[in-house]
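Per-entry structural report
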Amino acid sequence: MVWWVRRDLRLEDNPALAEAAGEGAVVPVFVLDEKLWGSSGAPRRAFLAGALAELERASGGHLLVRRGEPATELAAVCEQLRAALVVAAADFGPYARRRDEAVGAALAGAGVELRLVGSPYAVEPGRVRKADGTAFRVFTPYSRAWVAHGWGPPLPRPERLDWAEGPGGVGVPAVPATAASIPEPGEAAARRRFEAFLRDGLDSYAEERNDPGADRTSRLSPYLHFGCLHPRTLLARVDARRRSHATWRSELCWREFYADVLWHQPDSARTSLQAGMERMRVDSGPLAEARFAAWCEGRTGYPIVDAGMRQLRTEAWMHNRVRMIAASFLVKDLHLDWRRGARWFMSQLVDGDLASNNHGWQWVAGTGTDAAPYYRVFNPVLQGRKFDPTGAYVRRYLPELSGVPDEAVHAPWEMRRRPLDAGGYPDPIVDHHAERNEALARYAEARDGAEHPLPGWEAGGRDPLRR
Ligand SMILES: Cc1cc2nc3c(=O)[nH]c(=O)nc-3n(C[C@H](O)[C@H](O)[C@H](O)COP(=O)(O)OP(=O)(O)OC[C@H]3O[C@@H](n4cnc5c(N)ncnc54)[C@H](O)[C@@H]3O)c2cc1C
């Protein structure tokens, strides 16, 4: 039986593997698809290569890696093995769906069944719907329906699991070099991380999740993305009667909600969910390019933004609160297209995930269905003071600010004339208050020209632009 491994790099709680094992000896096959490999940044490639190496060890060296078009490679493997069944977990992104259709058709032509069993989610995208059968567009009602739908218990590792030899492969790819230090890949590391979070983080999650200096979130996102753990395994250890547990479960639900939105609207990976927001004027030209480069390199002069962008460079990961602040700054202070920021994040993040990333960006940019209203503009100084009051987070990534007192660490330019200076840290590249007004003016312009109300504009609500 062929188990086609994709985003489920684990042996525990794996319905596709259990299904294949129930049919006979299993040949695990991973197809290195140039379209996905080539478009992933170095951190994701390195994580994937490491997780594949672990899976190869865990399967007693039986993992067969092929390189090429999945339809061609799988058909060839099945022919050589005389296999009549390929089992895989369903995947839901726009490319994955097209690929699976093509593979299903190619295999069917050769008399081989492609059976999709399980998915990377507790509740499959498309499963939970409104009473009228349409998709949810707002998170809270979706999350209620998601909880009501529920999920089964984690599946134990198959009792009988025989591996079989496959025909020649290219071997697990070498781990590419990456400038960032990435977390240890694989299922065993994922489990250790989860146990550590259960011990030290989950009970205080509600209080500490917005404190980037404390760094107490689970950091399970890359493991979830590559399926080194299944969310069902995590949810089984959550006691939703406890506030922190319920808050964490809700974060897991955001991941499922965004996958659901992408499944219903595959174009939302590239275009704004609010079509009217496509009218928003964005900057281009040399100054815009210079500002984009400063943002990417973490030298905008706003410490919380820069610390986040440097964390991204050094760890291929960024705290959620800071992702929101850095993304807001790109869109509303630098007036750049959210897609540029989303692409940069995808190239740098080890947890880069099309649904969570692009919808996270759309939420911040005010272009999503269930988004923060565009006129809510994050002030990077106030956000820094509120969520990183002692400057522990910014000092960790901006050593230039080590000598700056706590009260000035989020606005070091305010103390320039004092004896202690901010060790070469740049002045802000833009003035936040001026750019906030510019962002609101552009929003008003887009809104006034739009055929339908833009998001965040509740009928009869207070209009912040006309105060
Ligand atoms: C602009 C922007 C881009 C983002 N890009 C990604 C991305 O590419 N990949 C990604 O996994 N997450 C993304 N997120 C969501 C979130 O920032 C990360 O999931 C989270 O920071 C991961 O850290 P953690 O594992 O410690 O999370 P925890 O706080 O421990 O949460 C547990 C899990 O819940 C899920 N989760 C938490 N918050 C969110 C959220 N807001 N949206 C969707 N899922 C969530 C993740 O799978 C996470 O691992 C993005 C958010 C924003 C604002």
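Predicted, not measured: the structure shown is a model, and the values here were computed from it. (Residues numbered from 1 in each chain as written. Predicted model: local features only at pLDDT ≥ 70, side-chain atom pairs only at ≥ 80, totals over all residues. Heavy atoms only, no water.)

Some details on the site of the ligand
The condition is simple: We call a residue near a molecule or strand when any one of its heavy atoms sits within 4 Å of it. Distance and chemistry together define a polar contact, namely a pair of N or O atoms within 3.5 Å, with one atom able to donate a hydrogen and the other to accept it when in protein, and with adjacent residues in sequence counting only for side-chain atoms on both sides. Secondary structure elements are defined from DSSP: runs of H or I of at least 4 residues count as helices, runs of E of at least 2 residues count as strands, and each element is numbered from the N terminus. Gly falls in the polar group here, along with every residue not listed as nonpolar (Ala, Val, Leu, Ile, Met, Phe, Trp, Tyr, Cys, Pro) or charged (Asp, Glu, Lys, Arg). Each domain span listed reflects an automatic or database assignment of domains.
Taken together, 28 residues are adjacent to the ligand, and Tyr205, Thr217, Ser218, Arg219 and Asn320 come closest. Between the ligand and Thr217, the relevant distance is 2.6 Å, taken from an oxygen atom to a side-chain nitrogen or oxygen of the residue. Here a nitrogen atom of the ligand sits 3.2 Å away from a polar atom, N or O, in the side chain of Asn357. For the shell around the ligand, the elements supplying multiple residues, two or more each, are helix H9 (221–225), helix H11 (243–264), helix H14 (320–333) and helix H16 (354–365). By residue class, the composition of the shell around the ligand is 14 nonpolar, eight polar and six charged. Residues lining the shell around the ligand come from more than one domain, with at least three contributed by each of domain 2 (121–154 + 187–264) and domain 3 (275–466).

Here we look at the packing of aromatic side chains
Put simply, the rule is: Between 30 and 60 degrees the pair is tilted, below 30 it is stacked and above 60 it is edge-to-face, where a pair is any two Phe, Tyr or Trp rings, Trp via its six-membered ring, whose centres lie within 6.5 Å. When a residue's accessible area, from a 1.4 Å probe over protein chains only, is under 20% of the maximum for its type it is buried; when over 50% it is exposed; and in between it is partly exposed. Definition used: whenever NZ (Lys) or CZ (Arg) falls within 6 Å of the ring centre and also within 35 degrees of the ring normal, the charge is taken to sit over that ring.
One pass over the structure, following the stated rule, counts 22 aromatic pairs. Pairing Phe136 with Tyr142 gives two aromatic rings, centres 6.0 Å apart and planes at 85°, and the pair type is edge-to-face. Of the two residues, Phe136 and Tyr142, neither departs from the other in class, the shared state being buried. Measuring from ring centre to ring centre gives 3.9 Å for Phe139 and Trp254, while their planes differ by 5°; the resulting arrangement is stacked. On the criterion of sequence distance, the pair formed by Phe139 in helix H6 (residues 139–149) and Trp254 in helix H11 is long-range, its members being 115 residues apart. Ring-pair connections join several aromatic residues into one group, and the members of that group are Phe136, Phe139, Tyr142, Trp254, Phe257 and Tyr258. Its end group placed over the ring of Trp4, Arg6 keeps NZ or CZ at 4.2 Å from the ring centre. Across the ring face of Trp317, the terminal group of Arg219 is positioned such that the distance to the ring centre comes to 4.0 Å.

Comments concerning the domain arrangement of the protein
Spelled out, the test is: Contacts: residue pairs with any heavy atoms within 4.5 Å of one another. Here's the idea: put two parts together, see how much 1.4 Å probe accessible area each one loses, and the total over both is what we call buried area. The term salt bridge refers to a pairing of a side-chain nitrogen on Lys or Arg with a carboxyl oxygen on Asp or Glu at a separation within 4 Å.
Taken domain by domain, the protein comprises domain 1 (2–119), domain 2 (121–154 + 187–264) and domain 3 (275–466). Look at where the C-alpha atoms of domain 2 and domain 3 centre, and you get two points 26 Å apart. Counting from both sides, the interface comprises 22 residues of domain 2 and, opposite them, 21 residues of domain 3. Per-residue buried area on domain 2 facing domain 3 is highest for Asn210, Pro212 and Tyr258; these three make up 31% of the total on that side. In this assembly, domain 2 and domain 3 are joined by one salt bridge. Note that Glu315 is salt-bridged to Arg219, the shortest N-O span being 3.2 Å. Run the count over domain 2 and domain 3 and you get 10 residue pairs in polar contact (both at pLDDT 80 or more). Counting only elements with at least two residues in the side of domain 2 that touches domain 3, the list comes to H9 and H11.

Considerations on unusual backbone geometry
At Arg82, a residue that is not glycine, the phi angle is positive and equals roughly 55°. Assignment of secondary structure puts Arg82 in the loop between helix H4 (70–81) and strand S4 (85–88). Despite not being glycine, Ala316 shows a phi value in the positive range, around 60°. For Ala316, the position within the fold is in the loop between helix H13 (303–315) and H14.

Comments concerning the confidence of the model for the protein
For clarity, the cut-off: Scored from 0 to 100, pLDDT reflects the predictor's confidence in each residue.
Mean pLDDT over the protein works out to 93, with 94% of the residues at or above the 70 mark. Across residues 457–461, where pLDDT falls below 50, the model places seven contacts with residues more than four positions away in sequence or in other chains. Considering only residues more than four positions removed or in separate chains, one finds that residues 463–467, a stretch of pLDDT under 50, has 12 contacts.

Considering H13
Put simply, the test is: Given the number of residues in a helix, its expected span is that number minus one, multiplied by 1.5 Å.
If you check H13, its first and last C-alpha atoms are 17 Å apart, about what 13 residues at 1.5 Å a residue would give, namely 18 Å. Phi turns positive one or two residues past the end of H13, at Ala316, with a value near 60°.

Structural notes on the pattern of salt bridges
All told, the structure shown has 36 salt bridges when counted by the stated rule. The salt bridge involving Arg219 is made with Asp215; its shortest N-O contact spans 3.0 Å. On the basis of relative accessibility, which here comes to 23%, the residue Arg219 falls in the partly exposed class. With a relative accessible area of 27%, Asp215 lands in the partly exposed category. The partner of Glu438 in a salt bridge is Arg442, and the shortest N-O contact between them spans 2.7 Å.

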